[in-house]
Amino acid sequence: SAQNADALFACCYLHAMLAFHYKRRADEAPVKDNDFAWLRLMKGIPILQRTNILREHLTKSLWMPVFMESGAFSPKTGPLPEPTVPEQIADPEVESLRVECDVAPTSSTEGDDNPYATPIAHLNKLSGMTIDSSKIGPMMVFIGRMPESFVQLLESMDLRAMKILRVWCRMATGVEQW
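First, a word on what this report is: a plain description of the structure on this page. (Residues numbered from 1 in each chain as written. Predicted model: local features only at pLDDT ≥ 70, side-chain atom pairs only at ≥ 80, totals over all residues. Heavy atoms only, no water.)

**Some details on helix 10 (residues 159-172)**
Count 3.6 residues to each turn of an α-helix, and residues three or four apart come out pointing the same way.
Alright, step 1. Over its 14 residues, helix 10 runs 20 Å from end to end, which matches the ideal 20 Å to within 8%, given 1.5 Å per residue.
Alright, step 2. What helix 10 keeps buried is the set Ala161, Ile164, Leu165, Val167, Trp168, Met171 and Ala172. The buried residues of helix 10 occupy one face: seen down the axis, they fall within an arc of 150°. (Helix = DSSP H or I, 4+ residues; strand = E, 2+ residues; numbered from the N terminus. Expected span 1.5 Å × (residues − 1). Buried < 20%, exposed > 50% of the residue type's maximum accessible area, 1.4 Å probe, protein only. Arc of directions from axis to C-beta.)

**Quick look at the nonpolar core**
Alright, step 1. Among the nonpolar cores identified, the biggest contains 30 residues, and Tyr116, Leu123, Met139, Phe142, Met146, Ile164 and Trp168 are the most heavily contacted of them.
Alright, step 2. Here this core takes 7 residues from helix 10, the largest share from any one element.
Alright, step 3. Each residue touching isoleucine 164, except ones within four places of it in the same chain, is listed here: Leu97, Cys101, Tyr116, Pro119, Ile120, Leu123, Phe142 and Phe150. (Core = buried A, V, L, I, M, F, W, Y, C linked by side-chain atoms within 4.5 Å. Contact = heavy atoms within 4.5 Å.)

**Description of the environment of aspartate 132**
Alright, step 1. Mapping aspartate 132 onto the fold places it in the loop between helix 7 (117-127) and helix 8 (136-144).
Alright, step 2. Sequence separation between aspartate 132 and threonine 173 is 41 residues; the distance between their C-alpha atoms is 8.3 Å.

**A closer look at the packing of aromatic side chains**
To describe a pair of aromatic rings, one takes the distance between the centres and the angle between the planes.
Alright, step 1. Under the criterion given, the structure shown has 1 aromatic pair.
Alright, step 2. When the centroid spacing of 6.2 Å and the interplanar angle of 85° are considered together, the rings of tyrosine 116 and phenylalanine 150 count as edge-to-face. Here phenylalanine 150 lies in helix 9 (residues 148-155) and tyrosine 116 lies in the loop between helix 6 (92-100) and helix 7, a separation of 34 residues in the sequence. Considered together, tyrosine 116 and phenylalanine 150 belong to a single accessibility category, that of buried residues. (Phe/Tyr/Trp six-rings, centres within 6.5 Å; stacked < 30°, edge-to-face > 60°.)

**Considering the environment of aspartate 6**
Alright, step 1. Within the fold, aspartate 6 resides in helix 1 (residues 5-22).
Alright, step 2. Taking the relative accessible area as the measure of exposure, aspartate 6 reaches 17% and is therefore buried.
Alright, step 3. Separated by 52 residues in sequence, aspartate 6 and leucine 58 place their C-alpha atoms 8.5 Å apart.
Alright, step 4. Ignoring sequence-local partners within four residues, the contact set of aspartate 6 consists of His57, Ser61, Leu62 and Trp63.
Alright, step 5. In terms of polar contacts, aspartate 6 uses its side chain to reach the side chain of serine 61, at 2.4 Å. (Polar contact = N/O pair within 3.5 Å; in protein donor to acceptor, adjacent residues only side chain to side chain.)

**Thoughts on the packing of helix 9 against helix 10**
Alright, step 1. The N-to-C vectors of helix 9 and helix 10 enclose an angle of 100°; their axes lie 8 Å apart at closest approach. Considering their axes alone, helix 9 and helix 10 lie roughly perpendicular with respect to each other. On the side of helix 9, the interface is formed by Phe150, Leu153 and Leu154, while helix 10 contributes Ala161, Met162, Ile164 and Leu165.
Alright, step 2. Classifying every residue of the contact of helix 9 with helix 10 by side-chain character gives 7 nonpolar, no polar and no charged. (Axes fitted to C-alpha atoms, helices over the stretch in contact; angles between N-to-C directions. Parallel < 35°, antiparallel > 145°, perpendicular 65-115°, else oblique. Nonpolar A, V, L, I, M, F, W, Y, C, P; charged D, E, K, R; others polar.)

So, in structure tokens, the structure goes:
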């Protein structure tokens, strides 16, 4: 119910952070089935934001500043559309990944069958920012908006998906608490 909305969002954020910190392990440790649970937990935020019964409460939610900071949510329309993939990406590493993952420049990644398109579009958007503690919202949008097909590629240890996640992790080091 709308009365529990703030608690639901808090649980999503808290569980994702705990799962992320819990998964730090030695490089030689084997990969386990739930190593990407923290990714799946963050995917709950946009699902909750799109839930009709919660929408009315969101405009007065204590989480509204966090949602607005992310740059991916509007109090009037809810979650904003996915970013686009331009003809040429300024960051050479992200551009190299765009080519390697065969992501075509497009006006929209929504409905794109390429599982790498949305993550590349978000990396492009992040690469144009100075990442610091004030950019934790946009950093989390990358995780929350990953297509299921991309998460499955990560879980199967797909090299291209892992390279994309590596670039995000490098950017995430700019958020000082990480």
